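Examination of the molecular architecture
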Amino acid sequence: MIFERTPAEVLARLDEMREADAPTEGGRLLSYVYDPDIAELQEVAAEAARKTQALNGLDPTTFPSVAAMERDLVALARDVLADGVPDVVGSVTSGGTESCMLAVKSARDTWRAATGRSDRPTLLIGSTAHAAFIKAAHYLDLNLRVLPVDPDTCRLRAEDVAASLDGAVALVVVSTPSYPHGAVDPVAEIAETCAGRGVPVHVDGCIGAWVLPWWPGAEERPAWDLRVPGVESISVDLHKYGYAPKGVSVLLYRDRDRHRRQWFATSAWPGYAVVNPTILGSRSVMPLAAGWTVSQTLGRSGFAELTQQIARATEQVHKAIYSIEGLRVVGDPIGPLLAVAADPEVAPERQVDPHRWADAAKDLGWTLQPQPGRTQSDGTTLPRTTHLTVTPVTEKVSVELCDALAVAADSARGMPGAQAPADFVAAAGQIRMDDLTSENCAAVLAMVGMEPGGGLAGPMSEVLALIEALPEPVAERLLIEFLARFME
Ligand SMILES: *Cc1c(COP(=O)(O)O)cnc(C)c1O
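What counts, and where the lines are drawn
- Residues numbered from 1 in each chain as written.
- Predicted model: local features only at pLDDT ≥ 70, side-chain atom pairs only at ≥ 80, totals over all residues.
- Heavy atoms only, no water.
- Pairing = 2+ DSSP bridges.
- Helix = DSSP H or I, 4+ residues; strand = E, 2+ residues; numbered from the N terminus.
- Axes fitted to C-alpha atoms, helices over the stretch in contact; angles between N-to-C directions.
- Contact = heavy atoms within 4.5 Å.
- Expected span 1.5 Å × (residues − 1).
- Buried < 20%, exposed > 50% of the residue type's maximum accessible area, 1.4 Å probe, protein only.
- Arc of directions from axis to C-beta.
- Domains from an automatic or database assignment.
- Buried area = accessible area lost by both parts, 1.4 Å probe.
- Salt bridge = Lys/Arg side-chain N within 4 Å of Asp/Glu carboxyl O.
- Polar contact = N/O pair within 3.5 Å; in protein donor to acceptor, adjacent residues only side chain to side chain.
- Near = heavy atom within 4 Å.
- Areas by Shrake-Rupley, 256 points an atom, 1.4 Å probe, with all protein chains shown as cover.
- Nonpolar A, V, L, I, M, F, W, Y, C, P; charged D, E, K, R; others polar.
- Parallel < 35°, antiparallel > 145°, perpendicular 65-115°, else oblique.
- Left-handed = near helix turned anticlockwise from the far one by under 90°.
- Phe/Tyr/Trp six-rings, centres within 6.5 Å; stacked < 30°, edge-to-face > 60°.
- Lys NZ or Arg CZ within 6 Å of the ring centre and 35° of its normal.

**What about the sheet that holds strand β12 (residues 369-371)?**
- Taken in spatial order, the 4 strands make up an open sheet running β10-β11-β15-β12, and their pairing is antiparallel. Unpaired on one side and paired on the other, β10 (327-329) and β12 mark the two borders of the sheet. Looking at each pair of strands side by side, their axes are set apart by 30 degrees on average, direction ignored.
- Against the sheet, helix α10 (residues 354-363) makes contact with β10, β11 (337-342), β12 and β15 (385-389), and its axis sits at roughly 50 degrees relative to β15, the strand it touches most.

**Here's the deal with the environment of T394**
- For T394, the location among the structural elements is in helix α11 (residues 392-412).
- Between the C-alpha atoms of T394 and L30, which are 364 residues apart in sequence, the distance is 8.5 Å.

**What to know about helix α15 (residues 472-487)**
- Its 16 residues place the ends of α15 22 Å apart at the C-alpha level, agreeing with the 22 Å of an ideal helix rising 1.5 Å per residue.
- Those residues of α15 not exposed but buried are V474, A475, R477, L478, E481 and F482. End-on, the buried residues of α15 take up no more than an arc of 165 degrees, which puts them together on one face. Among the exposed residues of α15, those oriented more than 90 degrees off its buried face are I480 and M487.
- Where the residues of α15 are buried, they touch α12 (422-430), α13 (438-447) and α14 (460-469).

**Considerations on the environment of V444**
- Relative to the elements of secondary structure, V444 occurs in helix α13.
- Taking the C-alpha atoms as reference points, V444 and L142, 302 residues apart in sequence, are found 32 Å from one another.
- Not counting chain neighbours up to four residues away, the residues in contact with V444 comprise F424, I431 and L478.

**Description of the domain arrangement of the chain**
- Domain annotation of the chain identifies domain 1 (49-294), domain 2 (300-412) and domain 3 (422-487).
- For domain 2 versus domain 3, the distance between C-alpha centres works out to 28 Å.
- Carbon and sulfur atoms supply 50% of the area buried between domain 2 and domain 3, which totals about 690 Å² over both sides.
- Across the contact surface, domain 2 and domain 3 share 2 salt bridges.
- Here E468 ties to R384 by a salt bridge, and the two come within 2.6 Å at their closest N and O atoms.
- Put simply, domain 2 and domain 3 have 5 residue pairs in polar contact (both at pLDDT 80 or more) between them.

**Some remarks on the sheet that holds strand β3 (residues 143-147)**
- Across the sheet, 7 strands lie side by side as β1-β7-β6-β5-β4-β2-β3; this open sheet has mixed pairing. Among the strands making up the open sheet, the edge pair consists of β1 (89-93) and β3. Across the sheet, the mean angle separating the axes of adjacent strands is 20 degrees when strand polarity is ignored.
- Of the strand pairs in this sheet, strand β2 (residues 122-126) and strand β4 (residues 169-175) are connected by 3 bridges, and their pairing is parallel. The partner of L124 across the bridge, within β4, is V172.
- In the packing of helix α5 (residues 132-140) onto the sheet, contacts are made with β2, β3, β4 and β5 (201-204), and the angle to β2 comes to roughly 170 degrees.

**Thoughts on the site of the ligand**
- The immediate surroundings of the ligand are formed by G95, G96, T97, H130, Y179, D204, C206, I207, D237, H239 and K240.
- A distance of 2.7 Å separates a nitrogen atom of the ligand from a polar atom in the side chain of D204.
- Here H239 contributes a side-chain N or O atom positioned 2.7 Å from an oxygen atom of the ligand.
- Across the complex, the protein chains shield 85% of the 380 Å² of accessible surface that the ligand would expose by itself.
- The residue inventory of the shell around the ligand, partitioned by class, reads 3 nonpolar, 5 polar and 3 charged.

**Some thoughts on the side chain of D353**
- Within the secondary structure, D353 is located in the loop between β11 and α10.
- According to the relative accessible area criterion, D353 is buried, its value standing at 9%.
- In terms of polar contacts, D353 uses its side chain to reach the backbone amide nitrogen of H355, at 3.1 Å.
- In this view, D353 contacts R384, M415 and G417; residues no more than four positions away in its chain are not counted.

**Let's talk about unusual backbone geometry**
- Across the junction of T176 and P177, the peptide omega takes the value -10 degrees, indicating a cis bond.
- Phi is positive for C154, close to 65 degrees, though the residue is something other than glycine.
- By the element assignment, C154 lies in the loop between β3 and α6 (158-164).

**Things to note about the packing of helix α3 (residues 64-81) against helix α9 (residues 286-322)**
- Axis separation between α3 and α9 bottoms out at 10 Å; the angle between their running directions is 45 degrees. Comparing the axis directions of α3 and α9 gives the class oblique. Considering how the two elements wind past one another, α3 and α9 form a crossing that is left-handed. Two secondary-structure elements touch here, α3 through V66, M69, E70, D72, L73, L76, D79 and V80 and α9 through L288, A289, G291, W292, S295, Q296 and R300.

**Brief notes about the packing of aromatic side chains**
- This structure, assessed with the given rule, holds 8 aromatic pairs.
- Aromatic pair W269 and Y272: ring centres 5.3 Å apart, planes at 80 degrees, arrangement edge-to-face.
- Grouping aromatic residues by their ring pairs yields a cluster made of Y34, W210, W214, Y241, Y243 and F303.
- The positively charged end of R28 is found above the aromatic ring belonging to W366, 4.2 Å away from the centroid.

Structure representation (structure tokens):
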């Protein structure tokens, strides 16, 4: 075989491209990555991926190791999240979005089977539920009903859910905790209300369900998993606090029939029998094998120990933010996620805009995640915030991190938050949806210095201000255009 390039050359090119990436290790990126800071775990995950590289997860009867690894992961999740509940079954999916979408598909098809109706049921969520549920309603054609959360605690209220239940609701979603604010919804209260009306509840534990079981004080807190009657399904991502490489999540159901309605099978074509538990057909076994290997290696005690490390680091960061004048942690988070807003109790000139703060932290080498402010359907507002995801590695860098957070706040204090330029908002407001061609969108983006093909011209605070100011459909279309041009 004559290669066009030597593998060494190609791999060197990859290393070169990787230099532009944010660092995935070392704790300076406080979202997207979950670094346990254990080199050996990375090695075993890579080795497992290598051993399963050529497999196809499409057919576990041809490759029974796929079924065996899935069985172990489902059993482990059942052990942690459904203690003592009989007959719990589930699947391994490619990630949180797929787990959430499949839970919605199962609920939609169960609702249709039970009611005999073929129209659209309702998906009932709180405003802090993960966007994957907005995507699920969009892809699977359900009516989405979004309830406001309590603006102080950022939790969904059971009474609001109760008042919204009707025969069209196929599924209610609660979060343990929510991604934006780390708020744990009152699962037992909501599930009790829903069970009384025969409406299933899905617990989105994608990010939290692999830390909350071991979080300090877990025994004293009310149950929030499949042990709670009325909770019919739960999702947990092993590519977050399961420390697996991306591409592995677990979805559990209390009931076999609900699980089966997540599946798709067809014999109506002249090829092989298609029987798919998840969305993909042919699929990589590498993330499953890597996730399996990491969880077998760590075991429950390993996860528990890493969680203690995260909890200590979270407490340190929380305290550091508490002591910074002009900032506050939003609500009463349980777990490793913190949302930080400007403190409305201090004078405006002493407040710190959380997005300016994130920009300043970025200049110091720490990447935090700005989140837009939003007005809810009842007129209350969720303030703009900056999000931090704390992971085991955070403990190692917590002193440095806390110093940087204070220094960044000092440099941003009193600076007004970014606002979208009025002429831009006016121009964007004039655009009709059917005028949002790729070309028009690129022209609008150019008005704010986001040139086609270029990166972000300014700081993130300015981008977020645009997202906050624009009507949702326009903002969404411009985001697509921006990223598509960036990728092109
Ligand atoms: C991350 C997350 C999801 C979506 O997961 P992906 O793995 O990014 O697709 C869903 N829900 C919550 C609460 C999450 O944090």
